[in-house]
Structure formats: structure tokens, C-alpha cells
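Architecture and fold: a report
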Amino acid sequence: MNIQTLQDHFWWPVLWSVLKILVVVVPLLLAVAYLTLAERKVIGYIQVRLGPNRVGIKGSLQPIADAIKLLFKEIIIPSSANRFLFLAAPVLAFVPAMLVWAAIPFGPGMAISNMNAGLLYVLAIAGLGVYGIIVAGWASNSKYAFLGAMRAAAQLVAYEIAMGFALVGVLMVAQTLDLSKIVEAQAGGGFWSWYWLPLFPFFLIYFISGVAETNRAPFDVAEGESEIVAGFHVEYSGMAFALFFLAEYANMIFVSILTAILFLGGWYPPINLPPFTWVPGTAWLIAKTAFLLFVFLWIRATFPRYRYDQIMRLGWKVFIPVTIAWIVVIGIALETPLRVLLR
Amino acid sequence: MLNITSILFYAFSIVLLGAATMVVIARNPVYATLYLVLAFFSAAAIFLLLGAEFLGLILILVYVGAVMVLFLFVVMMLDINLARLKEGFLSYLPLGLAIAALGVLELAMVYWTAPMGHIPAPAPFPGNYDNTRALGYVLYTQYLYPFEIAAAILLVAIIAAIALTLRRRSGTKSQRTEEQLRVQAKDRVHLVDLRANKH
């Protein structure tokens, strides 16, 4: 059967979609596995330790060992928990973390779905992950889990507004919601024509809000080991716990790649000269994402956890006013001759 | 003729109606809230099927992503007495059914008043059609005043809600961040030069 007859087949669109999804999700899950190793290694070196170094060469098979361990562990359901929601919560956390990847372009037009409202889609779906945390906290019927869920809900609402306003700035300058076109709008002068420069406050606020939205240190009060044991996932074990873990790390990669797409020129090389232009665009995108992921780990190893009221203050009283002010600045700049700086 | 769009439409419609019914009859308020989330989701999917991606995604972003999270937040913390909640159910039921019937009647009118009882299929969109851009264009030109007035009313509502719930008590020992940030070493540490004395 040649390719043409295969493409005429009734099931071809379904098969093609499944293939595209596999091509994205399988490397993503591998990246998640090795991100956990990278985290332990990077934080190890920052703290002058070696990190995991027993399984495989220099610990390179550690994520595989962890995965096997989690797969074979028993899933314990507390006797007073709401059984259905307790088991549904990890799925509610994991599914949105995978769904957002449908709109991410890995190169010009290289996305599972090239939707023309991609920015809106990723913002809408990324906000859904919190249901997994809230439902987990409630269904566990444990005070620590419940406190973690409450914190996560309040934190998400606070930072999602700042995050949304930061993205409003990007779409004002790019004049489109299509993620591929947002990257193309940053083409031209290499490093200096990317949006991180004219939209610098948005760049910082988006990334910091991303750290807060993924519940990573120093904003990890929803877990807060030292105060509320492990927060929302204190009652979880085995694969149910692993799904929360996968969702958190997939979200980290997502925030990093979206920051690279929106503010760091996506698949464009930093300098429009050989040898930089010889490297394929997707490699540049992955390199930028990897750098931002390193920043995630760097932040975690550097800063102590925020106090809860300070997190709220930063979100509501600092980030939101700053983004609103910068939206006005961008709006004025777009209507005056200053717009040459933005385009 | 059932094509894939119609199948999806009917699937989402059935889920939407089922979820909306469960919101009313679910015994547990947390379940009711989660059913409402499902109802919003199905409605957003129907918007997407109609090609109104902006409305569909905004519905998810605003209602599912923010409003329902706060609902869930409140519902989980309240100790809701189910018996009292269900007390008025039967007495309000006729009024609710009447309003529902009115809604169905209005939708039916749209169908009946269409020529020959047949609603023409929407014109296919031109290739570079952008739902978001079209909506923004209409909102900020043709409907500018209603839009701005609605925004002003919402702003007033926000300020009123804050003003009604803001209570300042004197004598509380809450921290003032601006004072904490302004503090300097000389405000907190008083160095005393003690000289060793001979006894």
C-alpha cells in the first residue's frame, strides 16, 4: 500500500493525529524523566554534592529506576477519602499538562494543531491543572492536604491574572494570537529583535508567574514540606503520586518553552549569521527551553520559600499594577512613532 | 446526514444537558460545582464547533479557570446543611420550570421564524478570517459605548464589593510591609559600648 492510498483512507486523519501526538508526547515524557535527574544533579552540584551516581553511568539510569519503583508501589486510599475524586484528581492534574502541548509550535507550522487562537488556548488549558490539586486536597479528607489545596487555589487565581496581562502585552505587539505568527513577528535582527527587550517587564513577570503557577520553589507553599508535610499530595502513593509529579514537571517544561516562544524568539538563532543559522530551528528552541529549565532549578536552589502573605502581596500588589502600567505604555507606543521599536 | 461535526455536537449537547441537570440535583455541593465545570466545558466545545473559538476559550479561561476555582474554594470551606438547601427546592421548582420553558420557547421561535423552517447554513469563512479580530473590531467600534459602560459598571461593582467588606480594626498587630521594607539596621540594633571595669 503506497502513501497515497493510505492518505485516502477514512481513518487517515485519526491515524495522522495519533502519530503527531506520539511524536510530541513520547519525547516529552522522556524529557520529564530526565528533568528529574537534571534537577537532582544541578541542585547537587550547586550544594557541592554529586547527586545520584549509582544507577547506570554517573546515575544516568536513575529516572528509569525511579519510574519502576513508583509503578510497583501500592496505591493507598485513605479510608475516609472520597474514593472516586481521590483517584480522579491525579488524572485531572495530568491531562491539562499534556493538552497544552497541542498548540506548541516546534518550528514554522510544526504543531499538533496550528490553531489561530493558540495563545488563548494554552492560557485557558494551563489554568485547569489547579483542579487536580484542589480536588486532591478535598478528596483526601486530610487537613494538610486541604490547606495545600486552599493555598494552591488562591495562588493560581492571583498569578493567572498577571500572567494573562503579560500575554496581552505580547499579543498587542504581535497583533495575533497564533503562536507561530508571534514567533515570526520576532524575526529579523536576531537577539535584539526578540520580545524580551521591549516587553522586559512582561518577560520577567510571565516567567516568575510561571514558576508560581507550577508550584515550584520559592512559591511551593501548596506543598510546603516544612509546614504542611507535603500539602495536597500527602495521602498519595505509587503511580497516583507519580502522575502529579509528571504533571508538575511537564508544566515546568511547558512554561519554559512558552517563554522561549513568546519572548526569546522561538526557533530563531540569536545571531543571523553562519554558523548560527546552520543549526536547525527546533534545536534553538530546545536549547532556549533547556536554559529556562536550568533557571527554574537555579531559582529553586537559591531562594528560600516565600511566606504565604508575601506571595499574595507580590501577585496582587506588585505584578498586576506593573503589568497594567506596561500595557498602557505599550498601547501608547504602538500609536506613536515609537512603534518602530516594537515591530 | 450525520457528519463528524453533528456527532460531536450531539455528544457535547447531551453531556451539557446531563451535567446541567446534575448541578441542580447533586447532593454534594462539591459535586454540583464540578458538574458545573463540566457543563461550562461542554458549552465551550459547542462554541468551538461553531467556529467561535474566542468565546469558547474565554469561557474556559474566565469561568472554568478562575470563577469556578473560587466557587470550589468557597464551597469546600463551608459546612453546608443539605437538608436546608433542599427545603425550598419544590416550591421554587414551578418558577424554574417556567423560566426554562420560556428559554426553550425563545429558541423555538428562532427556528420557526426562519424561512421555510430552515435555518441557512452559516456562510463559509474567508481564508484569513480571525474570530478574535472580528469580535474586537465590532466591540471597539460599533458597540463601544455599551462595552465601556458595562466595563465601568463592573469596576464600580468591584470597588463596592471591596468597600463593603473592608474592615479596619485599630490595634491589630498585622505586619505593614512598607514599614518592614523601610527599616534599617540602626532602627533595630542599638550598639552599646561597654567598657570593662575593674572591681
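Note that the structure is a prediction, hence the values are computed from the model and not measured. (Residues numbered from 1 in each chain as written. Chains lettered and ligands numbered in written order. Predicted model: local features only at pLDDT ≥ 70, side-chain atom pairs only at ≥ 80, totals over all residues. Heavy atoms only, no water.)

1. Here's the deal with the overall build of chain B
Formally: Only DSSP runs of H or I with at least four residues qualify as helices, and only runs of E with at least two residues qualify as strands; both kinds are numbered from the N terminus onward. Three labels apply to residues, based on accessible area from a 1.4 Å probe with only protein chains included: buried if under 20% of the type maximum, exposed if over 50%, partly exposed otherwise in between. Should any heavy atoms of two residues lie within 4.5 Å, those residues are considered in contact.
In terms of regular secondary structure, chain B is built from 9 helices and 0 strands. Its helices and strands in sequence order give chain B the pattern α-α-α-α-α-α-α-α-α, from N to C terminus. Expressed as a percentage of the 199 residues in chain B, the buried residues total 18%. In chain B, 61% of the contacts between residues at least 6 apart in sequence involve partners at least 24 apart.

2. Points about the overall build of chain A
We apply this condition: For this measure, only C-alpha atoms enter the radius of gyration; the expected value for a globule follows 2.2 Å times N^0.38, where N is the number of residues. Accessible areas in this description were obtained via Shrake-Rupley with a 1.4 Å probe; residue shielding takes into account the shown protein chains only. Charged residues are defined narrowly, with Lys and Arg counted positive, Asp and Glu counted negative, and His plus the chain ends left uncounted. Charge positions come from single atoms, namely NZ of Lys, CZ of Arg, CG of Asp or CD of Glu.
Along its length, chain A carries 13 helices and 0 strands. Helices and strands in chain A line up, N terminus first, as α-α-α-α-α-α-α-α-α-α-α-α-α. Its C-alpha atoms give chain A a radius of gyration of 21 Å, near enough to 20 Å, the size a compact globule of 343 residues would have. The C-alpha extent of chain A, read off along each of the three principal axes, is 65 × 65 × 45 Å. In chain A, which comprises 343 residues, the share counted as buried stands at 51%. Pairs at least 24 apart in sequence give 76% of the contacts found in chain A among residues at least 6 apart. When the accessible area of chain A is evaluated, it comes to approximately 15800 Å², of which 72% is carbon and sulfur surface. Taken together, the 21 basic and 16 acidic charged side chains of chain A have centroids lying 6 Å from each other.

3. As for the UniProt feature "transmembrane region" (unreviewed entry) in chain B
Residues and elements named next belong to chain B. Condition: UniProt positions are given in the numbering used here, feature names are shortened, and annotations may be inferred rather than shown by experiment.
According to UniProt, the feature "transmembrane region" (unreviewed entry) maps to residues 6-25, 32-51, 57-78, 90-112 and 143-166 in the numbering used here. For the annotated span residues 6-25, helix accounts for 100% and strand for 0% of the residues, and the straight-line distance between the end C-alpha atoms is 29 Å. With 100% helix and 0% strand, residues 90-112 has end C-alpha atoms that lie 33 Å from one another.

4. Comments concerning the packing of helix α4 (residues 83-99) of chain A against helix α11 (residues 238-263) of chain A
All names here are of chain A. Note the following rule: Lines fitted to C-alpha atoms define the axes, with helix axes restricted to the stretch in contact, and inter-axis angles between N-to-C directions lie between 0 and 180 degrees. If an angle is under 35 degrees, it is roughly parallel; if it is over 145, roughly antiparallel; if it lies from 65 to 115, roughly perpendicular; otherwise it is oblique. Helix crossings fall into two classes, left-handed where the near helix is turned counterclockwise from the far one by less than a right angle and right-handed where it is turned clockwise. The residue classification treats Ala, Val, Leu, Ile, Met, Phe, Trp, Tyr, Cys and Pro as nonpolar and Asp, Glu, Lys and Arg as charged. All others, Gly included, are polar.
Relative to each other, α4 and α11 sit at 25°, their axes nearing to 8 Å. Classified by the interaxial angle, the pair formed by α4 and α11 is roughly parallel. Relative to α11, α4 is oriented so that their crossing is left-handed. Judged by residue contacts, Ala-89, Pro-90, Val-91, Ala-93, Phe-94, Ala-97 and Met-98 of α4 engage Ala-240, Leu-243, Phe-244, Leu-246, Ala-247, Ala-250 and Asn-251 from α11. Across the contact of α4 with α11, the residue classes break down as 13 nonpolar, 1 polar and no charged.

5. Remarks on the side chain of Ser-42 of chain B
All names here are of chain B. As a reminder of what qualifies: Residues adjacent in sequence count toward polar contacts only when both atoms are side-chain atoms; beyond that, a polar contact is any pair of N or O atoms within 3.5 Å, and within protein one must be able to donate a hydrogen and the other to accept it.
Structurally, Ser-42 is set in helix α2 (residues 29-49). Ser-42 gets classed as buried once you look at its relative accessible area, which sits at 2%. There is a polar contact of 2.8 Å between the side chain of Ser-42 and the backbone oxygen of Leu-38. Not counting residues within four places of it along the chain, the set of residues in contact with Ser-42 comprises Phe-12, Val-15 and Leu-16.

6. With respect to the interface of chain A and chain B
Put simply, the test is: Here the quantity called buried area is the accessible surface, traced with a 1.4 Å probe, that two parts lose on coming together, added over both. What counts as a salt bridge is simple: a side-chain nitrogen of Lys or Arg found within 4 Å of a carboxyl oxygen of Asp or Glu.
Counting residues at the interface gives 28 residues for chain A and 28 residues for chain B. Taking both sides of the interface into account, the surface hidden between chain A and chain B amounts to around 2400 Å²; carbon and sulfur atoms contribute 73%. Among the residues of chain A in contact with chain B, Leu-120, Tyr-131 and Trp-138 of chain A are the three that bury the most area, contributing 24% of the side total. Linking chain A with chain B are 0 salt bridges.

7. Here's the deal with the side chain of Arg-151 of chain A
For Arg-151 of chain A, the position within the fold is in helix α7 (residues 143-174). Once residues within four sequence positions are removed from consideration, Arg-151 of chain A is found in contact with Val-221, Ala-222, Glu-227, Ile-228 and Tyr-308 of chain A.

8. Thoughts on the nonpolar core
Just so we agree on the cut-off: For the purposes of this section, nonpolar cores are sets of buried Ala, Val, Leu, Ile, Met, Phe, Trp, Tyr and Cys residues that join through side-chain atoms within 4.5 Å.
Residues Trp-101, Ile-104, Tyr-131, Leu-179, Leu-262 and Phe-263 of chain A are the most contacted members of the largest nonpolar core, which totals 119 residues. Setting aside residues no more than four positions away along its own chain, Leu-179 of chain A makes contact with Ala-103, Pro-105, Gly-118, Leu-119, Val-122, Leu-258, Ile-261 and Leu-262 of chain A.

9. A look at unusual backbone geometry
Residues and elements named next belong to chain A. At Gln-175, a position not held by glycine, the phi torsion is positive, near 60°. Tracing the backbone shows Gln-175 in the loop between α7 and α8 (179-184). Even without a glycine there, the phi angle at Asn-215 is positive, about 55°. Residue position: Asn-215 is located in the loop between α9 (200-213) and α10 (225-228).

10. Some points on the pattern of salt bridges
All names here are of chain A. Per the stated rule, a full pass over the model turns up 6 salt bridges over all chains. Residues Glu-39 and Arg-216 are paired through a salt bridge, measuring 2.4 Å at the closest nitrogen-oxygen approach. A residue pair is termed long-range when its members are at least 10 positions apart, and Glu-39 in helix α2 (residues 12-46) and Arg-216 in the loop between α9 and α10 qualify at 177 residues. Considered together, Glu-39 and Arg-216 belong to a single accessibility category, that of buried residues. Across the pair Arg-300 and Glu-39 runs a salt bridge, and its minimum N-O distance is 2.6 Å.

11. Focus on helix α1 (residues 4-25) of chain B
Applicable threshold: Expected helix span is taken as 1.5 Å per residue step, with the number of steps being one fewer than the number of residues.
With 22 residues, α1 of chain B should cover 32 Å at 1.5 Å per step; its first-to-last C-alpha distance of 32 Å lies within 8% of that length. Looking at the buried residues of α1 of chain B, the elements they touch are α2 of chain B.

12. Comments concerning the packing of aromatic side chains
All names here are of chain A. Going by this rule: Two aromatic rings, drawn from Phe, Tyr or Trp (for Trp, its six-membered ring), form a pair once their centres lie within 6.5 Å of each other, and the interplanar angle then sorts them: stacked below 30 degrees, edge-to-face above 60, tilted otherwise. By definition, being over a ring means that NZ of Lys or CZ of Arg is both within 6 Å of the ring centre and within 35 degrees of the ring normal.
Counting across every chain of the model gives 19 aromatic pairs over all chains. A ring pair is formed by Trp-101 and Phe-106, whose centres lie 6.3 Å apart and whose planes are at 10°; its orientation type is stacked. Comparing Trp-101 with Phe-106, the two get one shared label, buried. Relative to Phe-254, the ring of Trp-101 has its centre 6.5 Å away and its plane inclined at 70°; by these criteria the two rings are edge-to-face. In this pair, Trp-101 sits in the loop between α4 and α5 (118-126) while Phe-254 sits in helix α11, placing the two residues 153 residues apart along the sequence. An identical accessibility class is assigned to Trp-101 and Phe-254; each is buried. By way of ring pairs, the aromatic residues Trp-196, Phe-200, Phe-203, Tyr-206 and Phe-263 are connected into one cluster. In this structure, Lys-143 is placed above the aromatic ring of Tyr-144, and the distance from its NZ or CZ to the ring centre is 5.7 Å.

13. A few points about the confidence of the model for chain B
Residue and element names in this part refer to chain B. Heads up, the condition is: Along the chain, pLDDT gives the predictor's confidence residue by residue, from 0 to 100.
Of the residues in chain B, 87% have a pLDDT of 70 or more, and the chain-wide mean is 83. Per-element averaging of pLDDT across chain B places helix α4 (residues 82-87) at the bottom with 66 and helix α7 (residues 144-165) at the top with 93. Overall fold confidence (pTM) sits at 0.84, and the ipTM for the predicted complex is 0.81.

14. As for α11 of chain A
Residues and elements named next belong to chain A. Along its 26 residues, α11 runs 38 Å from first to last C-alpha, staying within 8% of the 38 Å computed at 1.5 Å per residue. Among the 26 residues in α11, 20 count as buried, and that is most of the element. Count one or two residues on from α11 and you reach Gly-265, which has phi positive near 75°.

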